[in-house]
Structure formats: C-alpha cells, structure tokens
Amino acid sequence: YGWEGSFFLAVLVATVSMIGVTMRQRTELFRRQQNFLAAVSHELKSPLASLQLSAETLLLRDPDKAGRTRIADRMVAATERLGNMVTNLLDAARLDEDAIELTAEVIDLQDMVERVLEPVVCMGHIQGVAIKNEVPRGLAITADPSAVKSVISNVVSNAFKSVQAKGGGTVRLTAAQESEGRNSMVALRVIDDGVGFDPKQSARLFDKFFRPGSELTRKTKGAGLGLHIVRRFVDLDGGSTKIESPGEGMGATFTVQWRHAKHHVDPASSRAPEHEVMG
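Residues numbered from 1 in each chain as written. Predicted model: local features only at pLDDT ≥ 70, side-chain atom pairs only at ≥ 80, totals over all residues. Heavy atoms only, no water.

Chemist: Whenever I open this one, the overall build of the chain confuses me. Can you help?
Modeler: Counting its regular elements, the chain contains five helices and seven strands. Counting from the amino terminus, the chain carries its helices and strands in the arrangement α-α-β-α-β-β-α-β-β-α-β-β. Taking the intrachain contacts of the chain between residues at least 6 apart in sequence as the baseline, contacts between residues at least 24 apart amount to 75%. Surface accessibility of the chain: about 15,900 Å² in total, with carbon and sulfur atoms responsible for 57%. (Helix = DSSP H or I, 4+ residues; strand = E, 2+ residues; numbered from the N terminus. Contact = heavy atoms within 4.5 Å. Areas by Shrake-Rupley, 256 points an atom, 1.4 Å probe, with all protein chains shown as cover.)

In structure tokens form, the structure reads like this:
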C-alpha cells in the first residue's frame, strides 16, 4: 500500500506541475496575442491617419512644390507601411498553413539588396537613419526570390525601426562567403546602432507575436511577425538565422545565411516577383 500511495502521489504532483506549466504557457500566449492585436491596430491606423491627413491638406489648400513633395513623401511612406503589414500578415498565415511553395533560383545578392533598400534610403533621409550598403558584387545565393526579398525587407525594417527609436543612427549591410566546398554558405549581416535588446531574449525574438516589453511603453513599431517570417522562410530555403546584441541601447547584428551559388547570375534575371495581395 505504501508503494502504491507513493506512486499515485508522484503522478498527482507531476499532473499538477504539467497543468501549471500549461496554464503559464496559455497566459503568456494570451498576453502576446493581446500585444499583437494592439500592435496591428496601431500599425494599420497610424498610416491610414497619415494618408487621410495628407489628402485633407491637399483638398483644403494648394501647397507649393516643396510642400507637395513633402506630402507625397508622407503618403508614399504610409502606403509602403500598410503594404508591408498586409504582406506580413498574409505570409504568416500561409507559412502556418504550409501553403507556400518555394522555388530555388540563383540570385545576385547585391542586386536584391539594392532593390530592397531603394525606398528605405529615401525614408532614411527623412527619419535621420543612414543606410550603408557594403554588400560586394559577385555573391550569388540559391534561394526563392520572393522569400529572399521578404527576408531582407523585414530584417532591414527591424534595424531601421530600432535606430529610429533611438533618435537616429546607421544601418549597415555587409556580406561574405562563409565557407568553401559543397556546403558553402553566403552570410548577409545587417548591423545597427539602435536600441538593442537583452541578450537573454535573442532566441524568443523569432517567436510569433513576441515583442519585448509592453505595447504601452515600447519604443519600436511592429506586430511581432517580421522575424518569425524571416526564420521560417530562411529555414525553408536551407539557410540559418541569428540575431545578437551586447545589450539594451547597444545596437544589434542580424545574420542570415543562404546556400552559395557557384554559377554567375545576371542581376536582371533575379528580379523577385511581388507577393500577391489577396482579399
């Protein structure tokens, strides 16, 4: 009887412990979902309000050429922000449902980076964020063009927001072939001097909906989807991801590795098609 009693007591303790862990996980998931809803609401309302204000300004008065340019820049930025948000929501849903099929192609990395950075550089001049593209010519990777474009866009956007939240700074992109032989990889590094993060949270930054802190006190924008999408796309393409920071306020470095393509690629052939936005 004593042995049976001890056995059932151990089972009871283990069951209670498992229930406790499950409840804590559910509570954390609920908190992250609430933060996600708050972030998405803000991410959608803010650019819509900017577009409305810009349109009303044009209707109420006829600004000079410089004024029209400023308003147009604001409208383009708001539209770009909305488009990125919608694309991330669709990509996250498709990835979760395994509804995305990737096609491996040879891509010129510098050409892809330049096209992703083109609108970001313009925004950087307005927001006080310097974008430095130091990706050398001649590096080719094997991956899906649309996925690579989404990955670079999200990583750069994350670094841009971090620097912007700190009041200005620099986002620098470098790339190099990391290894030789059959499993040769090409690493793209996005280095910023933004707000950084606690190194203990580096692994969790890839979790869906996860964002450090509370929506009421957070300095950076976003919905907690970008890095989750980045890791999923890179994993599907046979690569790897890593994000590092010395600590809060000390910037961060994001590293993405793709398979190295040994054959030369014509940049014109690596144009990535835009993601289709579906209703």
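Chemist: Quick question: what am I supposed to make of the pattern of salt bridges here?
Modeler: When the charged atoms of two side chains lie near each other, side chains of opposite charge can form a pair. Counting across every chain of the model gives four salt bridges. Where Glu 178 meets Arg 189, a salt bridge forms, and the shortest distance between an N and an O atom there is 3.3 Å. Here Arg 189 lies in strand β5 (residues 185-192) and Glu 178 lies in the loop between β4 (169-177) and β5, a separation of eleven residues in the sequence. Judged by relative accessible area, which is 38%, Glu 178 ranks as partly exposed. (Salt bridge = Lys/Arg side-chain N within 4 Å of Asp/Glu carboxyl O. Buried < 20%, exposed > 50% of the residue type's maximum accessible area, 1.4 Å probe, protein only.)

Chemist: Can you walk me through the nonpolar core in this structure?
Modeler: In summary, soluble globular proteins display a tendency toward joint burial of nonpolar side chains. Counting 43 residues, the largest nonpolar core has Leu 109, Ile 152, Leu 173, Leu 188, Phe 254 and Trp 258 as its most contacted members. Among the secondary structure elements, those contributing two or more residues to this core are α3 (109-127), β2 (129-133), β3 (140-143), α4 (145-165), β4, β5, α5 (226-236) and β7 (252-260). Of all the elements, α4 adds the most residues to this core, at nine residues. Other than its neighbours up to four places away in sequence, Leu 173 contacts Val 113, Leu 117, Ile 131, Lys 132, Asn 133, Glu 134, Val 135, Val 156, Leu 188, Arg 189 and Val 190. (Core = buried A, V, L, I, M, F, W, Y, C linked by side-chain atoms within 4.5 Å.)

Chemist: Any chance you could explain the pairing of β7 here in plain terms?
Modeler: The side chains of a regular strand alternate between both faces of the sheet. Of all nine residues in β7, seven are buried, a share of seventy percent or more. As judged from the two bridges shared by β3 and β7, these two strands associate in the antiparallel manner. Within β7, the position partnered with Ile 141 by the bridge is His 260. Here β5 pairs with β7 via eight bridges, running antiparallel. Residue pairing in the sheet places Arg 189 in a bridge with Thr 255 of β7. Bridge count between strand β6 (residues 240-244) and β7: five bridges; the pairing is antiparallel. Bridge assignment links Ile 243 to a residue of β7, and that residue is Phe 254. (Pairing = 2+ DSSP bridges.)

Chemist: Whenever I open this one, the packing of α4 against α5 confuses me. Can you help?
Modeler: When two helices pack together, their arrangement is given by the angle between the helix axes and by the axis-to-axis distance. Axis separation between α4 and α5 bottoms out at 9 Å; the angle between their running directions is 145°. Here the hand of the crossing between α4 and α5 comes out left-handed. Each of Ala 147, Ser 150, Val 151, Asn 154, Val 155 and Asn 158 in α4 lies in contact with α5, whose residues at this interface are Gly 226, Leu 227, Ile 229, Val 230, Phe 233 and Val 234. (Axes fitted to C-alpha atoms, helices over the stretch in contact; angles between N-to-C directions. Left-handed = near helix turned anticlockwise from the far one by under 90°.)

Chemist: How should I be thinking about the side chain of Asp 108 in this particular structure?
Modeler: Mapped onto the elements of the fold, Asp 108 is located in strand β1 (residues 105-108). This buried residue, Asp 108, is left without a salt bridge; Arg 137 holds the nearest opposite charge, at 6.2 Å. A polar contact of 3.4 Å, which involves the side chain of Asp 108, links it to the backbone nitrogen of Gln 110. (Lys, Arg positive; Asp, Glu negative; His and termini not counted. Polar contact = N/O pair within 3.5 Å; in protein donor to acceptor, adjacent residues only side chain to side chain.)

Chemist: So what exactly am I meant to see when it comes to the pairing of β4 here?
Modeler: Pairing geometry for β2 and β4, over five bridges, is parallel. Following the sheet pairing, Val 129 is matched in β4 by Gly 169. Here seven bridges tie β4 to β5, and the two strands are oriented antiparallel to one another. The residue bridging Gln 177 from the neighbouring strand is Val 186, located in β5.

Chemist: Even after reading the chapter, I still don't get the packing of α3 against α4, so can you show me in this structure?
Modeler: The N-to-C vectors of α3 and α4 enclose an angle of 30°; their axes lie 10 Å apart at closest approach. The pairing of α3 with α4 is recorded here as roughly parallel in orientation. Crossing geometry of α3 relative to α4 is assigned as right-handed. Here Leu 109, Met 112, Val 113, Val 116, Leu 117, Val 120, Met 123, Gly 124 and Gln 127 of α3 come into contact with α4, specifically with Pro 145, Val 148, Lys 149, Ile 152, Ser 153, Val 156, Phe 160 and Gln 164. Each residue belonging to the contact of α3 with α4 can be placed in one class, and the counts come to twelve nonpolar, four polar and one charged. (Parallel < 35°, antiparallel > 145°, perpendicular 65-115°, else oblique. Nonpolar A, V, L, I, M, F, W, Y, C, P; charged D, E, K, R; others polar.)

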